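# Structure at a glance
The primary structure of each chain is shown beneath.
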Amino acid sequence: MNDVVVVGGGIAGLLSAARLVAQGAKVTLVTFGVGGLQLSHGGFDVLGYAPERVDRPFDVLDDFIAANPEHPYAVLGADAVRLGTDFASEFFGDRLVGNDGRNWLLPTAVGALRPTYLASPTMVNAEARAGHDPVVVVGLQQLKDFQAELIAGNLVKQQIPARAIVLDLPARTHEADASGLTYARAMDRADYRADFAKALGKQLLSGEKALIPAIAGHHEAAAFTDLQTRLGAPLAEIPLPPPGVPGMRLNEYASRRLQDQRVRWILGARVVALHSEGGRAVSVDVATSGHLTKVRADAVVYAPGGFESGSLSLDSHGKVLETHLGLPVRVPPGRLIGPDRRSEQPLFRSGLAVDDQMRVLDDADRPVYPNLFAAGGVLAGAMRWSEKSGEGIAAASAVRAADAIGDLA
Amino acid sequence: MSAKKDPKKLTEAERQERDADRRERLVTSQQGPKVLTLNLKEPDIFAAQRLNRESLDHCVKCTICETQCPVAAVTPLFSGPKYVGPQAERFRHGESVDHSLDYCSSCGICTLSCPQGVQIAELNSMARAVMKADHMPIRDFLIGETVLMGKAMTPIAPIANAALNNKPIRIVMEKIIGVHRNAPMPTAQSQSFVSWAKRHQPAKPATRGPVVFFHGCAGGYFEVQTSIHTVEVLEHLGYEVIIPTQGCCGLAQQSNGLFTQARKTVRKLCDQLRAAGKDLTIISSSGSCTGMLKHEAHEIMGVDDPALIDVGSRIRETSEFLMELEDEGTLPHTFQRVDMTVPYHAPCQLKGQGMGMPAIRLLELIPGLKVVESGQACCGIAGTYGLKKEKYDVAQAVGQALFDMVVDTNPDLAVCDTETCRWQISKSTGVPTVHPISLVHRAYGLDK
């Protein structure tokens, strides 16, 4: 197998491409817009709730699989989840830490505690599993997406001694309302880090950990460590709603690395057709400006994301569609929409059915094509956000699909 | 304008022109708030523009566009594509609600990055045309007259170049016209491409059939060498290169909000290119003009002329075309070694064509040649944006990371696919900057 087309630039597409490149394949990655990894919290989930909070995901995986036979983890098997997670851990290197069997428990921008399996090293000082050191939550007057008092108040409710302070420290002059990204760009500069450390240092009590919004540098990898050193106290970032930098850092690292490895990168174009010959997929049509561009493929990894990416949609007749190629969608039986907002919404378990090689299946459980594979959020059977399983599914299915393509060769 | 002619006897083109003018007057002459009226009887022109407006409902506020915008990254003067685009558009109804819109450079990186298909840059360009309609600076008319500039400068090339490099003259120019004294300017050539082409004889007979070459204004008067290299490479590959008489694509007018003029200009060009032969591939080394014909004229100005759609579907940027040959297995690999590492920058308006970066694949077919991609969204110039005295500093700040990268990678040569970006890069770095075709020309042994 030589030429592989990967459709989608989220974590499933990125990791498929990475695995395929490592096998020596020539990869074209087509992504309509920047992938969703940028929008993530910057960690890597395997299993956070099942449905109670999970402390050691791999210890409960077999039970979870037994209870959820339609779940992608059940199709893949626990070993594949392990393999995918290890591959992601290796790929992202020291940008993600953990992988010791335990979930981190880290505060969010509303002061909830959220489990995740691999975390940004800039966040782990906020770990709440262990002791409860006093923390100071540091807000910024000009950053409205991070309300320090709300966060501190909610942490106190969870027995974490917390107080809030707010610094008046604009990222750019005359800007009353700045995003986390604007702050992170300012933090790339040593002079701004010095100002920030000085302003915060004045209010920091001894023995306190400082929890700041995730702004400790965008391109400057040493910004966090430098800031912590200047401060002389443990520091941790709390992820922000988009535009938050932790997801951007991972996405930019992965995209850049793959482009440097000469993955042919087609940004800003939809894949609109899949062509077959003799029962096999042979090419895709990419809607480049002005005309369609045909890209030849010995195999296709289809990883365009789910509802949130516009790849699945519910029409006014109640039919769930795969919007780009019209592939057969597996929809759970019964009511799709729960009676109220807080109830389970089975609709979101809709998606593509796959065999254990990640080949897309038709309604009769036969592979649509022997060389058409799917990965990530488009797969049927998961509730990724409530389970906190999105990256684990993406990595395991991406690695399995890439390895199956390798086996075809 | 044939306003008094019997409306029933108007040709299609005359009818569309009339309606465009009428609509423009509607926008500019109305008392009180300016309202961009959608004429439902004439869906031709406004169909695409209406779709742009409808696309704003696809915005999920993910802010990806905000993070990718090269202008918002360097200045608070522009509040960012999401605020000015899909958000402000809801309140706009023709009237401008956010004047920071003027600081949008129209690079199109927002639309390129949007995972939901919101036509952010297109909305902003449309809104800016309305906003500027009743106070269009004289400068913005002048810098759109690219052909005129070329025609005037070519016969007096040494004088024109001396004038554009003369500090006192540039200061006067800045004060009177508003073109920044340090902004990059094209270098006038003593011979236009057309006069070269008239005397040019192919080195060998054609074996592959005809293609049409679209040189663009810059390729006709200033970047003459790039045009010559393109023709010589195509002929070397066995093509008969047809060079029809041709005008401007209207991109500079469009980006300055002069839609009525730009629509006329682009329509005329389409007729000229079509006259060269039906169904022939059209090839251009002007990356941004290619984008104008492929999608911008249609998506930003709503031109739904079948002639434009025809030309837009047949045109290929030079590297894109050569890589199509490569993918078909018909591009000869008879390249000589070029032992060099070059920085390569894909211009924003080339990236906006959603075809990836064919120049990288092309150049790396040449043995010994290593390409380092800039990783930067935009060089700052964005056509004519970086020339303007009030935008110059913003444009320089946008390009700074690129300039640093170019100098660090190879202080002797950089590669970039569009003219104004090459001028921007070489002016700001001192590094000579060429179109990818010039390296292909060298590798095929065609440099004399």
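Source: prediction; values computed, not measured.

### Details of the interface of chain B and chain A
Contacts between chain B and chain A engage 39 residues on the former and 30 residues on the latter. For the pair chain B and chain A, the summed buried surface comes to about 2,500 Å²; carbon and sulfur atoms form 48% of the total. Across the salt bridge formed by Glu364(B) and Arg262(A), the nearest N and O atoms sit 2.7 Å from each other. Counting the contacts that link chain B with chain A gives 12 residue pairs in polar contact (both at pLDDT 80 or more).

### What to know about the domain arrangement of chain B
Residue and element names in this part refer to chain B. Its domain assignment divides chain B into domain 1 (42–135) and domain 2 (332–443). On a C-alpha basis, the centres of domain 1 and domain 2 stand 27 Å from each other. The partner domain 2 presents 14 residues to the 14 residues of domain 1 that form the contact. Joining domain 1 to domain 2, the criterion identifies 1 salt bridge. On inspection of domain 1 and its partner domain 2, the count reaches 2 residue pairs in polar contact (both at pLDDT 80 or more). Across the side of domain 1 that touches domain 2, the residue classes break down as 8 nonpolar, 4 polar and 2 charged.

### Some remarks on the sheet that holds strand β12 (residues 271–277) of chain A
All names here are of chain A. Strand order across the open sheet formed by 3 strands is β12-β13-β14, with antiparallel pairing between neighbours. Single-partner strands in this sheet number two, and they are β12 and β14 (291–296). On average, each strand axis in the sheet is inclined to that of its neighbour by 30 degrees, with strand direction left out of account. Looking at chain direction, strand β13 (residues 280–288) and β14 are connected through 6 bridges and run antiparallel. Within β14, the residue paired with Val284 across the bridge is Val295.

### Here we look at the pairing of strand β8 (residues 162–167) of chain A
Residue and element names in this part refer to chain A. Relative to β8, strand β7 (residues 135–140) runs parallel, the two sharing 6 bridges. By the bridge assignment for β8, Val136 is matched with Arg163. Read as a crossover between parallel neighbours, the route from β7 over helix α5 (residues 148–157) to β8 is right-handed.

### Thoughts on the side chain of Gln119(B)
If you trace the backbone, Gln119(B) turns up in the loop between α5 (109–113) and α6 (120–132). Not counting the four nearest positions on each side in its chain, Gln119(B) is found in contact with Asn52(B), Ser55(B), Thr111(B) and Glu299(B).

### Digging into the pairing of β12(A)
The two faces of a sheet get side chains in turn, since along a regular strand they alternate between them. All names here are of chain A. Bridging between β12 and β13 involves 6 bridges; their strand directions are antiparallel. Bridge pairing in β13 places Ala273 opposite Asp285. Once β12 ends, the chain turns through 2 residues before running back antiparallel as β13, passing Gly278 with a positive phi of about 55 degrees.

### As for a nonpolar patch on the surface
Residue and element names in this part refer to chain B. Together, Ile138, Phe141, Leu142, Val172, Ile176 and Ile177 give the surface a local cluster of nonpolar side chains, amounting to about 560 Å² of exposed area. Ranked by residue count, the leading element in the nonpolar patch is helix α7 (residues 138–142), at 3 residues. For Leu142, the location among the structural elements is in helix α7. Judged by its relative accessible area of 44%, Leu142 falls in the partly exposed class.

### Brief notes about the domain arrangement of chain A
Structurally, chain A comprises domain 1 (3–95 + 268–408) and domain 2 (124–238). One C-alpha centre belongs to domain 1 of chain A, the other to domain 2 of chain A; they are set 35 Å apart.

### Quick look at helix α9 (residues 245–260) of chain A
Residues and elements named next belong to chain A. When the terminal C-alpha atoms of α9 are compared, their 22 Å separation across 16 residues agrees well with the 22 Å that a helix rising 1.5 Å per residue should span. Within α9, 12 of the 16 residues are buried, which leaves the element mostly enclosed by the surrounding structure. Looking only at α9, the buried set comprises Val245, Pro246, Gly247, Met248, Arg249, Leu250, Asn251, Tyr253, Ala254, Ser255, Leu258 and Gln259. A positive phi of about 65 degrees marks Arg262, the residue just after α9.

Parameters and conventions
Residues numbered from 1 in each chain as written. Chains lettered and ligands numbered in written order. Predicted model: local features only at pLDDT ≥ 70, side-chain atom pairs only at ≥ 80, totals over all residues. Heavy atoms only, no water. Contact = heavy atoms within 4.5 Å. Buried area = accessible area lost by both parts, 1.4 Å probe. Salt bridge = Lys/Arg side-chain N within 4 Å of Asp/Glu carboxyl O. Polar contact = N/O pair within 3.5 Å; in protein donor to acceptor, adjacent residues only side chain to side chain. Domains from an automatic or database assignment. Nonpolar A, V, L, I, M, F, W, Y, C, P; charged D, E, K, R; others polar. Pairing = 2+ DSSP bridges. Helix = DSSP H or I, 4+ residues; strand = E, 2+ residues; numbered from the N terminus. Axes fitted to C-alpha atoms, helices over the stretch in contact; angles between N-to-C directions. Right-handed = clockwise from strand over helix to strand, strands pointing away. Patch = residues over 30% accessible without salt bridge, like charges linked within 9 Å, V, L, I, M, F, W, Y side chains within 5 Å. Areas by Shrake-Rupley, 256 points an atom, 1.4 Å probe, with all protein chains shown as cover. Buried < 20%, exposed > 50% of the residue type's maximum accessible area, 1.4 Å probe, protein only. Expected span 1.5 Å × (residues − 1).

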